[in-house]
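# Analysis of the macromolecular model
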Amino acid sequence: MNFLRGVMGGQSAGPPTSGAETVQKLCDRVASSTLLDDRRDAVRALKALSKKYRLEVGSQAMEHLINVLQTDRSDSEIIGFALDTLCNLISNDVEEEEPADESEEENAHKTNSDDLAGQFTEIFIKQQENLTLLLSLLEEFDFHVRWPALKLLTALLKNQGPQVQQIILVSPRGVSRMMDLLADSREVIRNDGLLLLQQLTKANAAIQKIVAFENAFERLLDIITEEGMSDGGIVVEDCLLLLLNLMKNNSSNQNFFKEGSYIQRMKPWFEVAEDNSGWSAQKVTNLHLMLQLVRVLVSPVNPPGATSSCQKSAFQCGLLQQLCTILMATGVPADILTETINTVSEVIRGSQINQDYFASVNAPSNPPRPAIVVLLMSMVNERQPFVLRCAVLYCFQCFLYKNQKGQAEIVTTLLPATIDANSISAGQLLCGGLFSTDSLSNWCAAVALAHALQDNSLQKEQLLRVQLATSLGNPPVSLLQQCTNILSQGSKVQTRVGLLMLLSTWMTNCPIAVTHFLHNQTNVPFLTAQISENLGEEEQLVQGLCALLLGICIYYNENSLENYTKEKLKQLIEKRIGKEIFIEKLAYISKHELYSRAGQKPQPSYSSPEQMLFDHEFTKLVKELEVLITKAVQKSSEDEKKEEEVKKSLEQHDSIVNQYKELIREQDMQLNELKKQVTTLTNQNEQSQTTITQQTSQIQQLRDQYNLLKVQGKPLESQHHIHNEAAQINGIQPKADAEEIGRLREEIEKLKKQHDLLEGQLAEKESIIDKLRTNQTTGNTAEVCTGAAGEQTELCKPVAVGEAASGDNDSASALMKISQLESRLAALDDENQKLKDQVQLLTDEQKTLNQQLASTNSTIAILETDKRKLQQEVTESKKEQDDLLVLLADQDQKIFGFKNKLKELGEPVEDEDDLESADQEDDDDDDDELS
């Protein structure tokens, strides 16, 4: 107070200082003071004035308070005062104590609290940096900072939820900082953190997914367990509300909840003691929310695959069994029992295994009775609460939904051969409710029986066999006839609507039931009279349903009765009612307000019994039949003939389609056989690949031997021998690299050139030999006269007779030369033969090398094919490696973030460098020991 007097002037004799002036002085002091203590005192004073002078403080001091949050982070006390002041300005939960004497000026500044909170919130979040600053303050562990920051953020979300959610969504680690509040050891912060997350996750699927993947389910379930589950307090309720926010209308989070095996952790929630008396209001609330959470997972509006998966998990973990235990327990509050019945209904709806289990559940009575019978007894009992009877009807509908086995069991209890006089069956209860004096029991029993016939032609025909004993001495009448008798007696609207829905469901797609209905001569005149009368608004719905029933009699008529064929019934409508009026009456059903409400969801939810007129499945049936009946009534006989022809052609087409189906079925069998053969061949291929791998290793060994022999200079024949051995292994050609192929080609070229050179030399020598042989055959003189160089010698000169004696010596020398030439010729022949042998050897070697080259070329082609495949595999491997590197980079980033977070929290963290240096030191120590 002394401080306030100093700020306001401290003069008691002067005029009183207004609130705006005081706030202005305090703001100036916050902005201009250099001492932290002065600024802290000024902010404390603003906090004290923020409740009474909310408008003045908000309009003048908000900017200064935000500046304090930015500049004075080191002082937690002033930060706490600033946050408390902002929270008082923005929160709508501030309770002000109005002083007894207020001036008119102060009353003039009073404005609506909600408007002020919204305006201040808009000012605060206009700069996104303010919200980012507030999120950073959540990381402060100081209670006087973290708690007011949490409350301020909660108030902002309450006032401007969508805008604040978008800012938080783009803020780095914005959601993570809020999730850290659940791990705070101080219960106040943890509990208020739950309230903050409730506001954060409202109607924002993106934030709901982020919160779920921040391990929210695990933390919330742990808190529920720690707080005592259903026996816990308000904290358990807050956790359940947050779970509902996360999973309602969010299939992704529902799937994540199921995949995380969290459904199994829900089973202990529903363990109730034998003595169920004295339930607290908080326990009732908690259990009610737990049941709602189960219903969110198995709701009919979810994707069918997700719902069936959750239903399967509920059965496998024993959750359904636990719910049925509550269902049959005594002392359970009525609202919990009702919600449990609704939950069991949706857990078993459309799930055959769950429906079979529910059919086997017995109530703990003496003798034991099936749970279905006990529930039906409550449904037809008019003393039971209305909501409970609706829940039982919904449970019975869900039990029969897509459950032909259950439908057959219900109808069987009505047949004469199976009726047991000593026990009460479901069929007997339905018949008793159908003909009761209570109109709601009539309606519920009719709808329940209609669900036993839904999409089941066999049970519709079986129900025609049911006979009822109306009174002593009179013969029994059929159930169909008794329903029409009650209709004609003019009972309540709700009763007639229920019976007409039952008859319409019964006769749809069942020509035999239509024939039985038309066989009674009074039924058609009753329907036409009802439709043609001008009745009040309440009766118009009954007229529309009568028109629907008469239209079913036309559309599903087999013309077996001469008086009531399709054509005669249409003529009757045209004469007695008129086609336009008939169609107008028929269309009134879908225009009814309660019709559209019933079509929204399968569960019957009405505020009063009088509003229960339509069933969800019946609304689907009306949508289908309205169009068909309208067309059938408007068609002429010629159109019907054309339709019959079309039907015949369609039947022919169906027969052709069936033939093709048989053909496709045979082809499928053949395809399966071929698949088996492919599997066998695949196994054989794998074995062959193993054999090829072994042979490849053998070939590699032979190649090594070949290279070794080539280095050692072994003859070419030895190399060929090894090469041929490698080639003879299972017909597989050896592999050769590019260098060896090039070398072989060069050798072939050299051998070709050498071969051509030798052939030229051989040709020259053969020409010389031919010349010598020619000279030898000409004569000794000619031979002597012709030398090797073709020059003429002295022997060629003319010789006289007298000179013959002197020429004998010369003749002898000529003969010697001839002998020399012959020996030379023989040597040339030998040399020629050797050259021919060498040429032949080279030719053979060339052929061998050509064969080897061809084999090598084929091997190269195979290698190139393998190379392309390997390159493709390498490319795919590189792509996978790149993806792995990206994932590793993300993982490293997350690890780095977690380490920083641990460092900020003061936890010891070992870096990789430290670990590497420690390993290096250990290695050095080991080396020293070894040395």
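Here, the structure is the one placed above.
What you are looking at is a predicted structure, and each value in this text was computed from that prediction instead of being measured.

## Some words on helix 33 (residues 579–591)
For helix 33, which comprises 13 residues, the first-to-last C-alpha distance of 19 Å matches the rise-based estimate of 18 Å (1.5 Å per residue) to within 8%. Within helix 33, the full set of buried residues consists of Phe582, Lys585, Leu586, Ala587 and Ile589. At its buried positions, helix 33 is contacted by helix 30 (523–532), helix 31 (537–555), helix 32 (566–576), helix 34 (593–598) and helix 35 (616–634).

## Description of helix 35
Taking 1.5 Å of rise per residue, 19 residues should cover 27 Å, and helix 35 covers 28 Å from first to last C-alpha, within 8% of that figure. Of all the bends in helix 35, the greatest, near 30°, is centred on Leu625. Residues His616, Glu617, Phe618, Thr619, Leu621, Val622, Leu625, Glu626, Ile629, Thr630, Ala632 and Val633 constitute the buried set of helix 35. The elements touched by buried residues of helix 35 are helix 25 (439–453), helix 28 (493–507), helix 31, helix 32, helix 33 and helix 34.

## Considering the packing of aromatic side chains
Per the counting criterion, the structure on display carries 10 aromatic pairs. Measuring from centroid to centroid gives 5.3 Å for Phe143 and Trp147, while their planes differ by 25°, and the two rings are stacked. Placement of both Phe143 and Trp147 in helix 9 (residues 143–159) is noted, with a separation of 4 residues, approximately one turn of the helix. Among the aromatic side chains, those forming a connected cluster through ring pairs are Phe213, Phe217, Phe256, Phe257 and Tyr262. For Arg186, the ring lying beneath its charged end belongs to Phe141, and the centroid distance is 4.1 Å. Its end group placed over the ring of Tyr401, Arg349 keeps NZ or CZ at 3.8 Å from the ring centre.

## Thoughts on the pattern of salt bridges
Applying the stated criterion to the full structure yields 26 salt bridges. With its nearest N and O atoms 2.8 Å apart, the salt bridge here joins Asp222 to Arg265. Highlighted residues: Asp222 in helix 13 (residues 205–226) and Arg265 in the loop between helix 15 (251–259) and helix 16 (281–297), separated in sequence by 43 residues. Given a relative accessible area of 29%, Asp222 falls into the partly exposed group. Residue class for Arg265 comes out partly exposed when judged on its relative accessible area of 27%. For Glu539, the salt bridge identified is with Arg496, shortest N-O distance 2.8 Å. Here the residue Glu539 occupies a position in helix 31, and Arg496 occupies one in helix 28, the gap between them amounting to 43 residues. Its relative accessible area of 18% is what places Glu539 among the buried residues.

Definitions and limits used
Residues numbered from 1 in each chain as written. Predicted model: local features only at pLDDT ≥ 70, side-chain atom pairs only at ≥ 80, totals over all residues. Heavy atoms only, no water. Helix = DSSP H or I, 4+ residues; strand = E, 2+ residues; numbered from the N terminus. Expected span 1.5 Å × (residues − 1). Buried < 20%, exposed > 50% of the residue type's maximum accessible area, 1.4 Å probe, protein only. Contact = heavy atoms within 4.5 Å. Bend = angle between axes of the 7 residues up to and from the residue. Phe/Tyr/Trp six-rings, centres within 6.5 Å; stacked < 30°, edge-to-face > 60°. Lys NZ or Arg CZ within 6 Å of the ring centre and 35° of its normal. Salt bridge = Lys/Arg side-chain N within 4 Å of Asp/Glu carboxyl O.

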